[in-house]
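Commentary on secondary and tertiary structure
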4 protein chains.
Amino acid sequence: MCGIVGVVANTPVNQEIYDALTVLQHRGQDAAGIVTCEKGRLYQRKDNGMVKDVFRTRHMRDLHGVVGIGHVRYPTAGSSSSAEAQPFYVNSPYGIVMGHNGNLTNAEQLTKEIYEQDLRHLNTNSDSEVLLNVFAHELMKQKKLFIDAEDIFNAVRGVHKRAKGGYAAVGIIPSIGVFAFRDPFALRPIVVGKRVTEMGVDYMVASESVALDAAGYQLMRDLDPGEAVVIANEGLIQFEQCAAKPQLTPCIFEYVYFARPDSMIDGVSVYKSRLRMGEKLAYRIMKEFPDNDIDVVMPIPDTSRTSALELATILNKPYREGFIKNRYIGRTFIMPGQTLRKKSVRQKLNPVPLEFEGKNVLLVDDSIVRGTTSGEIVQMARDAGAKKVYFASAAPAVRFPYVYGIDMPSASELVANGRDTAQIAEFIGADRLFYQDLDDLVDAVGFGNKAIKEFDTSCFSGCYITGDITPEYLASIDSSRNDHAQAKKQQVAQESVGIHNGDSDED
Amino acid sequence: MCGIVGVVANTPVNQEIYDALTVLQHRGQDAAGIVTCEKGRLYQRKDNGMVKDVFRTRHMRDLHGVVGIGHVRYPTAGSSSSAEAQPFYVNSPYGIVMGHNGNLTNAEQLTKEIYEQDLRHLNTNSDSEVLLNVFAHELMKQKKLFIDAEDIFNAVRGVHKRAKGGYAAVGIIPSIGVFAFRDPFALRPIVVGKRVTEMGVDYMVASESVALDAAGYQLMRDLDPGEAVVIANEGLIQFEQCAAKPQLTPCIFEYVYFARPDSMIDGVSVYKSRLRMGEKLAYRIMKEFPDNDIDVVMPIPDTSRTSALELATILNKPYREGFIKNRYIGRTFIMPGQTLRKKSVRQKLNPVPLEFEGKNVLLVDDSIVRGTTSGEIVQMARDAGAKKVYFASAAPAVRFPYVYGIDMPSASELVANGRDTAQIAEFIGADRLFYQDLDDLVDAVGFGNKAIKEFDTSCFSGCYITGDITPEYLASIDSSRNDHAQAKKQQVAQESVGIHNGDSDED
Amino acid sequence: MCGIVGVVANTPVNQEIYDALTVLQHRGQDAAGIVTCEKGRLYQRKDNGMVKDVFRTRHMRDLHGVVGIGHVRYPTAGSSSSAEAQPFYVNSPYGIVMGHNGNLTNAEQLTKEIYEQDLRHLNTNSDSEVLLNVFAHELMKQKKLFIDAEDIFNAVRGVHKRAKGGYAAVGIIPSIGVFAFRDPFALRPIVVGKRVTEMGVDYMVASESVALDAAGYQLMRDLDPGEAVVIANEGLIQFEQCAAKPQLTPCIFEYVYFARPDSMIDGVSVYKSRLRMGEKLAYRIMKEFPDNDIDVVMPIPDTSRTSALELATILNKPYREGFIKNRYIGRTFIMPGQTLRKKSVRQKLNPVPLEFEGKNVLLVDDSIVRGTTSGEIVQMARDAGAKKVYFASAAPAVRFPYVYGIDMPSASELVANGRDTAQIAEFIGADRLFYQDLDDLVDAVGFGNKAIKEFDTSCFSGCYITGDITPEYLASIDSSRNDHAQAKKQQVAQESVGIHNGDSDED
Amino acid sequence: MCGIVGVVANTPVNQEIYDALTVLQHRGQDAAGIVTCEKGRLYQRKDNGMVKDVFRTRHMRDLHGVVGIGHVRYPTAGSSSSAEAQPFYVNSPYGIVMGHNGNLTNAEQLTKEIYEQDLRHLNTNSDSEVLLNVFAHELMKQKKLFIDAEDIFNAVRGVHKRAKGGYAAVGIIPSIGVFAFRDPFALRPIVVGKRVTEMGVDYMVASESVALDAAGYQLMRDLDPGEAVVIANEGLIQFEQCAAKPQLTPCIFEYVYFARPDSMIDGVSVYKSRLRMGEKLAYRIMKEFPDNDIDVVMPIPDTSRTSALELATILNKPYREGFIKNRYIGRTFIMPGQTLRKKSVRQKLNPVPLEFEGKNVLLVDDSIVRGTTSGEIVQMARDAGAKKVYFASAAPAVRFPYVYGIDMPSASELVANGRDTAQIAEFIGADRLFYQDLDDLVDAVGFGNKAIKEFDTSCFSGCYITGDITPEYLASIDSSRNDHAQAKKQQVAQESVGIHNGDSDED
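Only a predicted model underlies this, so the values are computations on that prediction, with no experimental measurement involved. (Residues numbered from 1 in each chain as written. Chains lettered and ligands numbered in written order. Predicted model: local features only at pLDDT ≥ 70, side-chain atom pairs only at ≥ 80, totals over all residues. Heavy atoms only, no water.)

Side note on the sheet that holds strand S19 (residues 360-365) of chain D
All names here are of chain D. Let me state the cut-off plainly: Between any two strands, at least two bridges found by DSSP are needed for them to pair. Helix and strand definitions here come from DSSP, where helices need a minimum of 4 consecutive H or I residues and strands a minimum of 2 consecutive E residues; each element is numbered from the N-terminal end. Angular values range over 0 to 180 degrees, each being the angle between N-to-C directions of two axes fitted as lines to C-alpha atoms, with helices fitted over their stretch in contact.
The sheet built from four strands is open, its strands ordered S16-S19-S20-S21 with parallel pairing. Two strands lie at the open edges of the sheet, namely strand S16 (296-299) and strand S21 (432-435), each paired on one side alone. Direction aside, the axes of adjacent strands within the sheet are offset by 20° on average. Here strand S20 (residues 388-393) runs beside S21; their pairing, made up of four bridges, is parallel. Within S21, the position partnered with serine 393 by the bridge is tyrosine 435.

Topic: the confidence of the model for chain A
All names here are of chain A. Here is the rule: Known as pLDDT, the predictor's per-residue confidence is scaled from 0 to 100. Contact definition: two residues touch when any of their heavy atoms are within 4.5 Å.
Summing up the model confidence of chain A, the mean pLDDT is 90 and the portion of residues at 70 or higher is 91%. Here residues 77-82 is a poorly scored stretch, pLDDT under 50, and it has 17 contacts once near neighbours within four places are set aside; other chains count. For the stretch residues 484-507, pLDDT sits under 50, and the model shows 89 contacts to residues farther than four places along the chain or on other chains. Here the prediction assigns the complex a pTM of 0.92, and the interface score ipTM is 0.91.

Some points on the sheet that holds strand S11 (residues 218-222) of chain C
Residue and element names in this part refer to chain C. Taken together, the seven strands give an open sheet; going across it, the order is S3-S2-S4-S1-S10-S9-S11, and neighbouring strands pair in antiparallel fashion. This sheet does not close on itself; its edge strands, each paired only once, are strand S3 (41-48) and S11. Between one strand axis and the next, the sheet turns by 15° as a mean value, whatever way the strands run. Across four bridges, the pairing between strand S1 (residues 3-8) and strand S10 (residues 200-206) is antiparallel.

So, the domain arrangement of chain A
Residues and elements named next belong to chain A. Quick reminder of the rule: These domain limits were set by an automatic method or by a database of domain assignments. Buried area: the sum, over both parts, of the accessible surface (1.4 Å probe) that disappears when the two are put together. Salt bridge, as used here, is a side-chain nitrogen of Lys or Arg placed within 4 Å of a carboxyl oxygen of Asp or Glu. Residue type decides the class: Asp, Glu, Lys and Arg count as charged, Ala, Val, Leu, Ile, Met, Phe, Trp, Tyr, Cys and Pro as nonpolar, and the leftover types, Gly among them, as polar.
Its domain assignment divides chain A into domain 1 (3-247) and domain 2 (272-451). In this complex, domain 1 contributes eleven residues to the contact, which on the side of domain 2 involves six residues. Between domain 1 and domain 2, a total of about 670 Å² is buried, with carbon and sulfur atoms accounting for 56% of that surface. In this assembly, domain 1 and domain 2 are joined by zero salt bridges. Looking at the side of domain 1 that touches domain 2, the elements with two or more residues in it are strand S6 (96-104) and strand S7 (165-173). Grouping the constituent residues of the side of domain 1 that touches domain 2 by class yields four nonpolar, six polar and one charged.

Re the packing of aromatic side chains
Quick reminder of the rule: Any pair of Phe, Tyr and Trp rings, taking the six-membered ring for Trp, is counted once the centres come within 6.5 Å. Such a pair is stacked with planes under 30 degrees apart, edge-to-face with planes over 60 apart, and tilted for the rest. Each residue's exposure class comes from its accessible area (1.4 Å probe, protein chains only) as a fraction of the maximum for that residue type: buried when under 20%, exposed when over 50%, partly exposed otherwise.
Evaluated as defined, the whole model comprises 66 aromatic pairs over all chains. With a centroid separation of 4.9 Å and 85° between ring planes, the pair formed by A:Phe333 and B:Tyr18 is classed as edge-to-face. Highlighted residues: A:Phe333 in the loop between strand S17 (323-325) and strand S18 (349-351) and B:Tyr18 in helix H1 (residues 14-23), drawn from two different chains. For the pair A:Phe333 and B:Tyr18, a shared accessibility class is recorded, and that class is buried. Their ring planes at 70° and their centres at 6.3 Å tell us that C:Tyr404 and C:Tyr464 sit as a pair that is edge-to-face.

Remarks on the UniProt feature "active site" (unreviewed entry) in chain A
Residues and elements named next belong to chain A. Note the threshold: UniProt positions are given in the numbering used here, feature names are shortened, and annotations may be inferred rather than shown by experiment.
This chain's UniProt record puts "active site" (unreviewed entry) on Cys2. Looking at where cysteine 2 falls in the secondary structure, it is placed in the segment before strand S1 (3-8). Of the residues examined, cysteine 2 reaches a relative accessible area of 2% and is grouped as buried. With residues up to four places along the chain from it excluded, the contact list for cysteine 2 reads Arg27, His71, Val72, Arg73, Tyr74, His100, Asn101 and Ser207.

Thoughts on the pairing of strand S10 (residues 200-206) of chain A
All names here are of chain A. Here S10 lies mainly inside the structure; five of its seven residues are buried. Both strand S9 (residues 191-197) and S10 contribute to a ladder of seven bridges, which runs antiparallel. Considered in S10, the bridge of valine 192 is made with valine 205. Here S9 hands over to S10 after two residues, the two strands then running antiparallel side by side.

If you want it as structure tokens, here you go:
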């Protein structure tokens, strides 16, 4: 999962993109990048790290222009390299930079095609480089010296035919402006906003509507599945449907966990959807455990606070924030001659013991993935004096790998893989465990926009909306994750070839 | 307000102090420093910045030893310089390093004495350098080649006689170990913890008990007012009361705002005290506004969440988190030829519009200081669609400057200065404003520990517990704050003289 | 003038290329870059600055592989941007990186062609990016999936047909290995060396033979004019003549000033050629000034030491090093409120006054360009007590701009432009001035290798060996140099787009 | 050996001290530091590294004031720590900063006294910290609130009584200005210069006169042995003899090797003295080897060029620079999995083979210490084709350790220890070896100033001028050098305690 943003404005965009990336920082904290364009020349700064660490005054000063894009990166399952920051660049044709959020499930096949058809070299493992080169190839095929928005839409049509998976992309072509497109299943979110100023109308595309809010843009709408938009340097905006069979089936996990609560995605308020998840879950608990002896309901901060509060209200139980999250996270240094101390969840959460002592607590989390963290938290609750510890998950059991852009463990690492609810409860040490029903989850989110007939719920249901996920592919992910672990040390250090990033450390 | 920590352990302390400073980061984000000691030699790393930015592997590697102290700094009213990180060092006598949390109200007088009596040069505006040199002088007076804990206690006795204000200090003398002391009014918090390991007993002193929790130390107790502790390098711990007339009157603002909710300070759970603030405030609102038309209660994150929730529960109104806090804060860059855009509270908070539309909302904050932020938030609520906006403060009106270590505005800058509640409501644009009663606040906190007969409530009551705050002093603060603003540009750049900090940027 | 190096070895090449660049540092101190290749992936580090500042351990660690190239950059007249370090990269076709030394005199025309024929975007002003893209286009034209050395030679043939000017280039194609080529007039130097090791034969190409010496390579030979070499990843080396009408006319200025004395270029020892320049100049002085009253001969360090010593020997006059060069050069900082002090030649040279007092001194320099430095030095000699100051230049008067890769002033800035020798002597304040004859210079250098029938002597003679330098071109250089001055501030700050350079400042 | 500078001027001194340190960089390249003073406050920047790397714009900006001192450090035998940059600071009494060049031979004894008499803690191994604290103690003893120049002179008198060894020191006391003093034997050089400007008279003290030249100061004179100078903030300069029995016996090694040729030290031109060394050595060779078959004389750059040239002239043999020095020195990186390649003298020198082939060469160096470098160079000459290789040293055989501030090997590491000339020639592989006579060396230098009756020639003669060097002391140096080697890894990393150095890496 990554965050993307693109702006065509009437004033310099460097600070605005920086601010938008800061707001989208929750979508990716591994790397950040901005490319701007002025007078046909592209200006870049990208590096591993948080937004506030990657960009210094000297970098911002050199990001010229009123047109630009930005990216924050989170490593995805298919693209194991943690060393390549986005956006990526190719100089042929026209000069194109692109950043994307999502995951291509046929990246390996495309890589082969790109080289064989086009002699294009890929220098990273990133499927964003693949996507860019597929797009570049589709654009090149038209062999025009001067291109317009329609040519870009045609190239996107070509991309949609060849690329499998979920993707929301944003890019720049210096002679045109900013373009963006969304996969035909609308798996990854992307919105468009406008801002009317004295100097003219500015446009922003972004992964989430919160990025628009922060910069004073009004949400126009989400891109439709398969749709593309071109915002010309001169300010003209054009939308076009580029997919043969678009279908609105957004990823339900955005609502469960990834998106910010104050975002609207495909017409649904993330915050409201989480309240409804709490409500549904409450009724389920009341049904399963009618004469419960729960003394207090506690969220595991931060995501589950919204649903836990509503859950407590419906259950008519006190709501207490028994775990305090450490806002400032440090590092564990490896010192010569010292053994590495394991940093556990205790570095991230601290209990307020008075809230636990002698009570039966119901802990609420947004979901349970590996189960190890949940287990540690249950133990912390007991150590803090809890009598009984119940556990509730606002999402159903995660039983299948996610392949469209969230770096989720492979099937074998999921606690729910091959375990029933009672066994999972035992694994995490809870006295009792409650999972949301998948239907309830779908209702909780879908209630916000009746136009969404279906969601991608693959990690709960095993039903992959793109219809092309084979057991072989899942197996390859599984093994690549393990290979990945092996290769990590080498990969992390990798610094790839390219055009000058210009980080002279000048005063 | 700053955070301090000191450790005498049986294994290297660098990582442990680093972790503790991370946990105490909320007490000061301007600067951070660690000094450790091994075989009579002191090792230091300090700089402006957050803990995670100040310490890199190369620094940690050079912080040798099983004895050390750490500091995170927040600029205080009396010490306007933002360029001197702590701890401070003097080489005479014995070599002493010290860091402190608090503010000396007679720093100017002491500075003069230090030079005249002792010919000691001070190279900063920091009252921590003053405190260290007073302590050094008192220790020197005893003219001993070999000192023990008793000599340190005598020096602390001398400090208590001369220094006015609030202070909790921690230091190292290489030949002795770690020492710490607390002012005779217990204005600033400091706790002592122990940890039994296979290698022996480790001790930690820290500003808040959360620092102990994170490292697995058990809270032994708070230092008494005026008390000092010496933890010898060899592990012996000795406590001693060093004040003539100690009196337990802790600063009530720690509970209202500054401390972490999961801390225990002087026997009172900060979290519980905030719940009780919400409860008291609810009853007050019910009394003042019996037939209220409040639709929803909303905290202004993060501090007020605890009291707002309890308040909503008592009022029997829905509790909603209508404002989402931006966890990642960026910078505003000053670009040549661009005008600086004002970063308002909107950079920090984003509303969830659906929660506001058409509703009468009661916003709850921990306190109101200048009133400008509150005003912006009220406006945001209205912009998001709120019909009526009520405002409640979990603390009483702040009408007087705070002089014991929190950098609070001078009287003239406080919105409550010379305004009654209705006028303040008008100033911040609220339809109605509710303040906590001071008695209720005192009850809410004091309920947790009946042994506390009195609190310092000076910023609410104007009653300064140390009894030596003159109108002249307050006036001097007022003008120095303005001078300070003037001098800021020069001061910020200031890099002071001293012994090598050793930040060679080697690989 | 830049320095280039390429290596195909049997052990990692990062340190070896680093060392070679250090040895070639005199050819360019503005920027440095290395690209290596392993298993089809390219690894890069480049930045503005000296070699020792650009490469840190973390960068070296990530330059994997036994194949690589390096570059040190000196800004050339035609390529005004001082912000783009080399090598450059294009991903299509095959992935190519390239660095070059020289200057293309038809870069503007080529830039246009590149875009129109190939839709290739150039993102800098560097003619190296132009050369790379011309090469890429010529290679692409052959439309092969698998290429071999012959395809590269064909592409070089295409480059030679289209590119005008002087150039020596080195590059990598991951699937092939390292390639290098030299312009058809052999204007820029490039040598090939081999080293036999237990693991096999290693090859290095470099701008000067000193780079080979330092790494233990034996000089095989210079590339012929127009010749190309391909050193396959597996170690096979292939040479091929790729120019229609190659002609060996090396740039004589390399011998006069630019190259290191311990280099052999096209069979001529630079050191020996300088001795002969001194000898020839001595005879000329003896002829022009038979009854001279010269007391002492002094070089202006460092380059002219060689010729000055021989000159003194022939003249039978004492040789003294009256000027000491400051080996360590600092910066002049611009402080707020302080005026910038002019850094003159006095920062670089310091006289030994005792050597000057009361004497008639003959100062010897390698050449005179603008005349301003010479004037300052003459004045320093007088200030140090010299009675008379004579001046001798080991090269003839520089009257024409140099267009093949040395950043020399435009005609209007040259002191010899429109002035005879007496007028120049007056301009620099010398009592008498002696210039080398051009024929003598040609003899001095050419004596070392009778196979060289002609040199490019354009800056002395105005005769441009490539035959295509028009008055219009010279005029455009003149104005672009001025434009350049205008644009400098913007350009210097420019950080160009591209693939990740990966300079995370991790510990 | 270190370099020091102090300035009291009428305009800001930061750039001026920076420039002076750059000029003195040859005296120490390990660390650099500047402290300035304005309005009673000291501003500091110091770190390991070269001058140009230690000071960035942000540091210079913060070095306020028209009074300041600077230091470049070279590790000395007695002070093994390579991590403490100078100047050092103590806050008691008055605030004093000091930097020094030299070595105290009774540092261990003084360290003990300092703690016992004064309870002063030393946190480094640097004898500069010792010297500063002795000075501080002597100043404190006078117990005055207000001090003047006479008090400083009294403190220097006390220092001279207690400190043994060679030292030239410069410091600041904020209330006074700059002071400097020289040891009673004048072992280390220090000069005073003045500059008359429109704003008044500026004064500079510095290790060598070249620092004065560069900044436009006129050399007033060297400090006499034992003399001190105080330059008040207001510009008044006062000199005073502070030693009981001063004696002018400067270190002859400054002339042989360490000082810049363009410096005047104690009235002797370093350049001239080296010419005379060459002359004397020539006559000695003519006498020892009357019918020599030397074909060519070659210096080993850079220091010996001066004497080698004169030597060649007297011998009437050609002088050739057969070795070219690499001006740019890189690093050897330690890569995981790669073995460290030994960097030999070949990284520093490159032969011009044509000059060696078939010839009998006489190599000239300034001195021979360990003999290993000389041996490598002799081998290089042979590899380059030399028939016979003779070697001449402009200084006599180095047989004894140097204890006054140059980091020379201990006796056991010196090649001349226990070997006669023939054996040394064999050790370095030379066909014949010529050493300067000590008397000739003394004459060569002393000729420049007849007032110098004696030099310290201890490393050649074993006669230590201070008369207090015991065999025990020499033995302790020997073992500490070995201990030092052991401890190096730990020490290098050491970052010492102290006051804030303020190197926030802000943009």
